[in-house]
Amino acid sequence: MPALRFNGYVIVSAEGMLADAHGVMPEALKFPGDLRFFTTALDQSDLIVHGRYSFEDQPNSPRRRRIVLNRSVAGVAADPSNDKATLWNPAGASFEEARDHTGIRAGTIAVIGGPVVFEMFFDRFDVFWLSQAPHVQPPGGKPCFPGVPERTPQAILASHGMKAGDIQTLDVEHDVTVTAWRRTT
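The model shown is predicted, which means the values in this text are computed figures rather than measured ones.

1. Some points on unusual backbone geometry
Then, in step 1: Cis geometry is adopted by the peptide bond preceding Gly114, which originates at Gly113 and carries an omega value of 10 degrees.
Then, in step 2: Its place among the elements puts Gly114 in the loop between β7 (107-111) and α3 (115-121).
Then, in step 3: Positive phi is not limited to glycine here, since Asp175 has a value of about 60 degrees.
Then, in step 4: Assignment of secondary structure puts Asp175 in the loop between β10 (162-171) and β11 (176-183).

Have a look at this one:
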């Protein structure tokens, strides 16, 4: 087993959208079953990576070690507002430099988005957990990955050497599922 495992997490609408026209995750994409799945995964992760506007907004959030992409720093810097966070500018430092700043050398890294962040890690993911809410259609939605909606999230994951595996139902009433996309190459 590798020293680091990379897991991605996102919930999307029928068209692969993760946010509304304002870049905010709509209430319609929030389901208790998915929230439990997501919370458990983050609680079991050693490090979380996300963009400046992405966050999990949970009671345990302040206790989780994280890397936040932020172009206002030259490379890597401590977050002055959160002693568990490292700010990282990919234009000025490698991911390994940012990870070293956190002190994490082994374990599970949870990547929770947004689209630019997911794109940076496509070829590192061991598993990508794609939750889908097929009856949700946020107007003017923001796509989960670059290239959506021209291509589906599934086609994009497959193009990066991942294959759909286990499917779990997270909310029977709303047909919300999560599929484990695992690296095959």
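2. Quick notes on the pairing of β10
Then, in step 1: Sheet topology places β10 next to β11; 7 bridges connect them, and they run antiparallel. Across the sheet, Asp171 pairs through a bridge with Val176, a residue of β11.
Then, in step 2: Joining the antiparallel neighbours β10 and β11 is a turn of 4 residues, in which Asp175 adopts a positive phi near 60 degrees.

3. Topic: helix α2 (residues 95-102)
Then, in step 1: Within the span of α2, buried status applies to Phe95, Ala98, Arg99 and Thr102. Buried positions in α2, seen along its axis, are confined to an arc of 100 degrees and lie on one side of it.
Then, in step 2: Gly103 sits one or two residues past α2 and shows a positive phi near 85 degrees.

4. Here we look at the sheet that holds strand β8 (residues 127-132)
Then, in step 1: Spatially, the 9 strands line up as an open sheet ordered β5-β6-β4-β3-β7-β1-β8-β11-β10, and their pairing is mixed. Looking at strand neighbours, the two that pair on one side only are β5 (76-78) and β10, the edges of this open sheet. Pairs of neighbouring strands in the sheet enclose a mean axial angle of 20 degrees, with direction left out of account.
Then, in step 2: In the sheet, β5 pairs with strand β6 (residues 85-88) via 3 bridges, with the strands oriented antiparallel.

5. Structural notes on helix α1 (residues 32-43)
Then, in step 1: End to end, α1 covers 16 Å across 12 residues, agreeing with the expected 16 Å (1.5 Å per residue, within 8%).
Then, in step 2: When we look at burial in α1, the residues that qualify are Gly33, Asp34, Phe37, Phe38, Ala41 and Leu42. An end-on view of α1 places all buried positions within 165 degrees of arc, on one side of the element. Across α1 from its buried face, at more than 90 degrees, point the exposed residues Pro32 and Arg36.

What counts, and at which threshold
- Residues numbered from 1 in each chain as written.
- Predicted model: local features only at pLDDT ≥ 70, side-chain atom pairs only at ≥ 80, totals over all residues.
- Heavy atoms only, no water.
- Helix = DSSP H or I, 4+ residues; strand = E, 2+ residues; numbered from the N terminus.
- Pairing = 2+ DSSP bridges.
- Buried < 20%, exposed > 50% of the residue type's maximum accessible area, 1.4 Å probe, protein only.
- Arc of directions from axis to C-beta.
- Axes fitted to C-alpha atoms, helices over the stretch in contact; angles between N-to-C directions.
- Expected span 1.5 Å × (residues − 1).

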